[in-house]
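# Secondary and tertiary structure notes
Okay, here's what each chain looks like letter by letter:
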Amino acid sequence: MGTRTEVKDLRRFLAEVKRRFPEELVRVKRPVDLRFEMSAVLVKLDRAHKFPIVIFDNLQAASGKSSAFPLLSNLFASRNLCAMALESSVERVGLDYDLRTQSAKTPLVVAKKNAPVKQVVKKGNDVNLFNFPVPLPYHMEGGRTILGSVVTTVDNQAGTTYNCAYQTLRVLEPRKATVGLGEGTHNWERYRERVEKTGEGLPVVAWIGHHPAACMGALTRVPIDVDEYSVIGGALGEPLRVTPSETWGEKFLVPADAEIVIEGIIPPKERGRHGLRADYARYYSPETLRPVINVQAITCRRDAIYHDIHLGGRDQDHLGGIPLEGSIYRAVKQAVPTVKNVHLPSSGCSRFHAYVQIKKTSAGQGREAIVAALSVDRRLKHIVVVDEDINIFDDAEVLWAVATRSRWDRDLVVVPNMISTTRDPTAYASSSPELAYHSYTVAKGGIDATMPAPPEPFEIRIKVPDDVMRKAELKDYIRSDALTKIPLDA
Amino acid sequence: MASSMRVVCPGCDQEFLVSPQFERLKIAAKCPFCEKEFPIEQSKKIVRPSPILLVK
C-alpha cells in the first residue's frame with residue numbers, strides 16, 4: 001500500500017491512523033460473506049460502542065469469485081479520526097470543517113502518468129461492476145448497491161464547475177447501474193433540462209476511496225455555481241489533484257488520488273430500477289425509478305481499496321452529520337452570536353436532531369436558535385437548545401437539561417408543514433400526483449432547554465469542586481485490572 | 001410510512017416495500033427475496049399508507 005507520502009489520500013490517512021491510533025484500525029483476514037455477514041460484524045461493533053476502521057481482506061464478490069479488492073468500512077465511524085482528518089478536535093470538527101470549506105483551493109492538474117488512479121485502466125467489455133466487493137448488508141435488499149461513490153458532474157458552459165455528492169449506484173449489469181440522483185440535487189437539477197432538451201447524455205464520474213477530508217468535502221453545502229473540487233481542496237487543506245478522464249480527457253477531470261474512478265454517461269430519458277435498499281434513517285427505502293448510468297471506463301490503483309459506507313451506523317452518521325454541524329452553527333450565529341457549538345447525535349441519525357449549545361445573554365435566544373437552525377436542512381426536525389454547561393456530545397446530559405430546564409407550555413416551538421424528506425417515516429405527502437422530494441412535509445420544532453438569562457435566578461447545579469475532580473484519578477483508588485473488569489452499564 | 005406501501009410476493013409469500021410511484025405508473029413490483037416480478041394488483045396483500053396524513 002505504498003504511496004507518495006506528501007499527497008493526502010486514503011493511504012496516507014491510514015498510515016497516520018496506524019501511527020497515532022493503531023487500536024482504531026483493524027483488519028479481518030478470515031473469509032467473510034458479503035451477504036449479511038460483513039454487516040453483522042459492523043453492527044456488533046456498533047453495539048459494543050467500538051468504532052474502528054475495518055478492512056476486510058477476504059471477501060466474495062457479487063460475481064461469485066473471491067474479490068481482488070479489500071473492502072474498507074467505518075472510515076468515518078470514529079469522531080476522533082474524523083477530527084484527525086480535518087486537523088481539528090472531537091468538539092470542534094464540524095465547525096472547523098465549515099471554516100476549511102470556505103477557503104477554496106483551485107485543483108492541481110497532474111498528468112495521467114502521475115495519477116495513481118490510472119494504474120489500471122479498463123474499457124469496453126473489460127468493465128465489470130460485479131468485480132467490486134459490493135455488500136448485501138440487510139435482509140430485505142434485493143441487489144448490490146455501491147454506497148461509497150462520490151458522483152460528480154461538470155458544467156463546461158460557464159467556466160468549469162464540478163458538482164459532487166455521495167449518491168448510490170445500484171448495479172444492474174456489468175456496465176450498467178442506476179444512480180440515486182433525485183430531484184433537488186445539484187448534480188441532477190443543473191443538467192436535467194439541458195440533457196433532455198439536447199438529447200445528449202450527461203457525462204458523470206463516480207469516484208470511490210480518498211482521504212476522508214476529501215470525502216467529507218464532497219458533502220459541502222455551497223451554491224450550485226461554486227466549484228466543489230475547489231471546496232474539497234479547502235477541506236483537504238491542499239489542492240485536490242485531478243487528472244484527465246479516459247472518456248472526455250481534459251474536459252472532465254477526475255481525482256488523481258482516488259482508489260477507483262467509474263466513468264459513465266447518463267442517457268436523457270432512460271430510467272431503471274433503483275432497488276429496495278437500506279437508508280440513513282435505519283429503515284428500508286422502497287424501490288424507485290432513477291436515471292441509468294452506462295459505464296464507459298473504470299480506472300483504479302493496482303491494489304485498490306474498495307471503500308464502503310456502513311449504513312445504519314456511526315459511519316454514515318458522521319459522514320452526513322459533521323458537515324451539517326458547521327452549516328447550522330453558521331446560521332445560528334447570525335441570530336445568536338453567542339452560540340458555542342452544535343452536535344448532530346446518532347440518536348437522530350445525525351440528520352433529524354440537532355443539539356445547539358449557547359451562552360445565553362438575553363431572553364428569547366433559545367427560540368431564535370431553534371428557528372435559525374430549522375431552516376438549514378430539510379432533514380432537520382428537532383432542535384434542542386442548551387446552555388454552555390451541558391455536554392452536547394452526551395445524549396443523557398442533553399435530556400437532563402430538557403427534564404429540568406424546559407416547560408411544554410412556554411419553551412416549545414412547533415412549525416407545521418415544513419419541507420421534509422421521503423426518508424422521514426412520519427412525513428406526510430402532498431396531494432400532488434408526483435411524489436417528488438419536494439412533496440413531503442412534516443411539523444418540526446424545538447425545545448428551549450436553557451436556563452433564564454442573567455440576572456434572572458435559577459437553581460444551582462451540583463458539582464464537586466474542580467480542583468478535587470482534577471486530582472482524583474480512579475487508578476489511585478481502584479486497581480486498574482479490577483477497574484477494567486467492571487462491566488459497562490447499558 | 002408515507003413513501004412506501006407493503007405488498008406480499010405471490011411467489012414466495014415474503015412481505016416487502018414498494019413505492020406508490022410504481023402502482024401509479026403500473027410498473028411491476030420486484031421481490032427482493034425471490035426476484036419474481038409481478039403486477040402489484042397480483043400481490044397477496046397490499047397495505048397502502050394514507051397519502052395525506054400518517055395516522056398514529
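Residues numbered from 1 in each chain as written. Chains lettered and ligands numbered in written order. Predicted model: local features only at pLDDT ≥ 70, side-chain atom pairs only at ≥ 80, totals over all residues.

## Topic: the sheet that holds strand β3 (residues 71–73) of chain A
All names here are of chain A.
- With mixed pairing, the 4 strands of this open sheet are ordered in space as β1-β2-β3-β19. Only two strands of the sheet have a single neighbouring strand rather than two, namely β1 (25–28) and β19 (306–307).
- Of the strand pairs in this sheet, strand β2 (residues 53–56) and β3 are connected by 3 bridges, and their pairing is antiparallel. Of the residues in β3, the one forming a bridge with I55 is L72. (Pairing = 2+ DSSP bridges. Helix = DSSP H or I, 4+ residues; strand = E, 2+ residues; numbered from the N terminus.)

## Some points on the nonpolar core
- Core analysis: the largest hydrophobic core is formed by 123 residues, its most contacted members being I260, V332, V356, A369 and A373 of chain A.
- Per element, the largest residue contribution to this core is 7 residues, and it comes from helix α9 (residues 314–335) of chain A.
- Apart from the residues within four sequence positions on either side, A369 of chain A is in contact with V332, A335, V336, V339, V356, I358 and V385 of chain A.
- Counting residues in each nonpolar core, the second largest holds 9 residues, with V7, F16, V18 and C31 of chain B among its members. (Core = buried A, V, L, I, M, F, W, Y, C linked by C-beta atoms within 7 Å. Buried ≥ 20, exposed ≤ 12 C-beta atoms within 10 Å, placed from the backbone. Contact = placed C-beta atoms within 7 Å.)

## Quick look at the confidence of the model for chain B
- Mean pLDDT over chain B: 85, with 82% of residues reaching 70 or higher.
- Here helix α1 (residues 20–24) of chain B stands out as the element of chain B with the lowest mean pLDDT, 85, in contrast to strand β4 (residues 37–38) of chain B, whose mean of 96 is the highest. (pLDDT = per-residue confidence, 0-100.)

## Digging into the pairing of strand β9 (residues 169–173) of chain A
All names here are of chain A.
- As defined by bridge partners, strand β6 (residues 145–146) adjoins β9 across 2 bridges and the pair is classed as antiparallel. Across the sheet, I146 pairs through a bridge with L169, a residue of β9.
- Pairing of β9 with strand β10 (residues 176–179) involves 4 bridges; the strand directions are antiparallel. Considered in β10, the bridge of R170 is made with T178.
- Where β9 folds back onto β10 in an antiparallel hairpin, the turn is made up of 2 residues.

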